[in-house]
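Structural overview
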Amino acid sequence: MCGIVGFTGITPAVPILLDGLERLEYRGYDSAGVAVVSPREGLQIQKCKGRLQVLRDKLDSQPPLTGTAGIGHTRWATHGEPNDVNSHPHVSQNGRVAIVHNGIIENYVEIKQFLLHKGVTFRSDTDSEVVAQLLEYCFNDHTDPLDAVYAVLERLEGAYALGILCADRPDMLIAARKDAPLLLGYGDGESFIASDATAIIAHTRDVAYMADGEVAVLTRAGIQVFDEYRRPVEKERHFIEWDVSAAEKGGYAHFMFKEIMEQPEALRRTISPRLREGQVAFDELAMTAEDVRRFRRIFIVACGSSYHVGMVGKYNLEKLMRTPVEVALASEFRYSAPLVGADDLVIVISQSGETLDTMAALREAKSLGARVLSIVNVVGSSIARESDDVLYTWAGPEIAVATTKAYSTQLALLTMLGLWMARCLGRVDSAEYAAIVSELEALPDKLAKVIASTDIYQYLASLYFNQQCIFYIGRNLDYALGLEGSLKLKEISYIHSESYAAGELKHGTISLIEPGSLVMSLATYAPLLDKAVSNIAEVRSRGADVVVLTTEEHAERMGSIASHVLTVPGTHPVLQPNLGVVPLQLFAYYVALHRGCDIDKPKNLAKSVTVE
Ligand code: F6R
């Protein structure tokens, strides 16, 4: 939520900030703004409600803002409606400082009251403005900006990634972080801050991830970092493996479509390095077979689509390992006094590695003594850093708000982990092990076959884009798959959608089925195909149109009872959802396209959810 970028160097800051904000816009897009500082003009700000283009147009219609140090922000509103005044950057009363903030200042009311009593006038309804006002107030006692920043941070409660400019230090930018992502970029005679690497990748691939409590002082000469006690910190630098083209649309109409099409390659990157001579090999794991034998239970904790990966994982891991697996929504787990202990493994799944609820669940699990393994896409993210073990998905940057390639790679990796643990426990026989490994090797090519033609999805979308509600039904792995298909549809097309375990339908929901209702029946799980056939008959006899998703092998049988059939190649059952999800992504995409929705930036959403 919210994207931050900051720059100090020798070239004008505004073009670099706008370019960075464009790449961060997926993190929040209800308003945007920039502030720069120059020796002659001091602080200059432009900000407004709306997409980044509105800000660009405003900036184009006025004399250029001069300054070679600046901060930029794209907002996802929490406190205060999206309007010009509530947009960032926020400037202090007397114009001494400007700040951009991502996160929530939980004690902002108390700080605001304090400052109001001191005669400070506030302009916005945001929690963030208190940071700017308090900083200026602290300049009464501190002449050194860093002293003042530390005095402010001491009083803040909540989460923050901050970029700070001071009117009388036109060469300098200060950054601070607690529970919200922020990274530092090291350039040649220039320095950067950003919420994620996509914002600065065009300028530098040499980065360091700020840790909680750290403060950084950036000038064109370099970056100094201090810990919460103001001791200098030597940061570990990382080289970003992907380049700027990975974060661009590359001729596709939408990032979502591009990312759907990238799935075979993303899967290859996830799977291939971890298969050696017919075995799953996780060189990156500190966890040993001995540890695996010690686990009594496994918990999978995540939010949204990552949680849906966990739902598939529960079926697969229990089947392969015969160890009980519980899947929990991170936002519920942390407040449920979870019965987790030292003999349990907690698997945390997160594309961004920054989701606040997931992070809090991870900390809860660790405090209870559990071992935490995370499956994460963003290298160096908070969740990755705080886990005992990390498996990176290597999906590359995912820009569309609706996840596709991250989901696919998480799913493949979780199944591989289950297979590896099952082997540690001696609970999978060699024939089945070999069959799954061989299907893992074939998976990227099979997926490429699924996306080779999109005509059928476009056709179905043209028939059904005006539906009021679409139901997804399935059993076992198909039920877990339906949860993701339904979420994909509703988040980008705004059609109401429900996903049900097919056997549950007649316990209530079937009353909603009427002539013309659309039911997506997921029937890829071979052992329960007969049951799927019965459920299809139940809704067909009540007048529903039924689109069946099944494997090529069963297309004919399903074709005789369905309105339309979608097929995917067959594979081992534990990997079938990896192929089944793609038609659901494409159907959702084309429905949203027909409805004229803003596919990459659906309303009310943001890519990285760093607030509760
Ligand atoms: C839906 C989607 C979200 C995320 C959820 C968790 O398409 O992307 O539901 O899956 O917000 O995000 P991460 O995986 O970054 O923790």
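The following paragraphs examine the structure supplied in this document. Computed from a prediction, not measured in an experiment: that's the story for all the values here.

Reading the values: rules and limits
- Residues numbered from 1 in each chain as written.
- Predicted model: local features only at pLDDT ≥ 70, side-chain atom pairs only at ≥ 80, totals over all residues.
- Heavy atoms only, no water.
- Helix = DSSP H or I, 4+ residues; strand = E, 2+ residues; numbered from the N terminus.
- Buried < 20%, exposed > 50% of the residue type's maximum accessible area, 1.4 Å probe, protein only.
- Contact = heavy atoms within 4.5 Å.
- Salt bridge = Lys/Arg side-chain N within 4 Å of Asp/Glu carboxyl O.
- Near = heavy atom within 4 Å.
- Polar contact = N/O pair within 3.5 Å; in protein donor to acceptor, adjacent residues only side chain to side chain.
- Areas by Shrake-Rupley, 256 points an atom, 1.4 Å probe, with all protein chains shown as cover.
- 1 Å grid on protein atoms, 1.4 Å probe; cavity = no way out; pocket = protein on both sides within 12 Å on 5 of 7 lines; lining within 4 Å.
- Sits in = over half its atoms within 2 Å of the grid points.
- Nonpolar A, V, L, I, M, F, W, Y, C, P; charged D, E, K, R; others polar.
- Domains from an automatic or database assignment.
- Patch = residues over 30% accessible without salt bridge, like charges linked within 9 Å, V, L, I, M, F, W, Y side chains within 5 Å.

A few points about the environment of Val-568
By the element assignment, Val-568 lies in strand β27 (residues 564-568). Its relative accessible area of 0% is what places Val-568 among the buried residues. If sequence neighbours within four positions are ignored, Val-568 has contacts with Val-450, Thr-524, Leu-549, Thr-550, Thr-551, Glu-552, Gln-576, Leu-579, Gly-580 and Pro-583.

Regarding the pattern of salt bridges
Under the counting rule described, the total for this entry stands at 39 salt bridges. With a shortest N-O distance of 3.5 Å, Glu-290 and Arg-293 are connected by a salt bridge. Here Arg-293 and Glu-290 lie together in helix α8 (residues 289-294), a separation of 3 residues that amounts to about one turn. With a relative accessible area of 53%, Glu-290 lands in the exposed category. Judged by relative accessible area, which is 47%, Arg-293 ranks as partly exposed. Here the salt bridges share partners, and the residues they tie into one network are Arg-177, Asp-179, Asp-212, Arg-363 and Glu-386.

Concerning the site of the ligand
Around the ligand lies a shell of 14 residues, among which Ser-306, Ser-350, Ser-352, Thr-355 and Glu-491 are the nearest. Residue Gln-351 places a main-chain N or O atom 2.7 Å away from an oxygen atom belonging to the ligand. Within the contact set of the ligand, an oxygen atom lies 3.4 Å away from a backbone nitrogen or oxygen of Val-401. Expressed as a share of its isolated accessible area of 400 Å², the protein-covered part of the ligand is 90%. Spatially, the ligand is embedded in the second largest pocket. Grouping the constituent residues of the shell around the ligand by class yields 4 nonpolar, 8 polar and 2 charged. The residues that make up the shell around the ligand include at least three from each of domain 2 (255-450) and domain 3 (455-594).

Describing a nonpolar patch on the surface
There is a patch of nonpolar side chains on the surface, built from Ile-456, Tyr-459 and Leu-463 and spanning about 260 Å² of accessible area. Within the secondary structure layout, Ile-456 lies in helix α15 (residues 455-464). For Ile-456, a relative accessible area of 33% corresponds to the partly exposed category.

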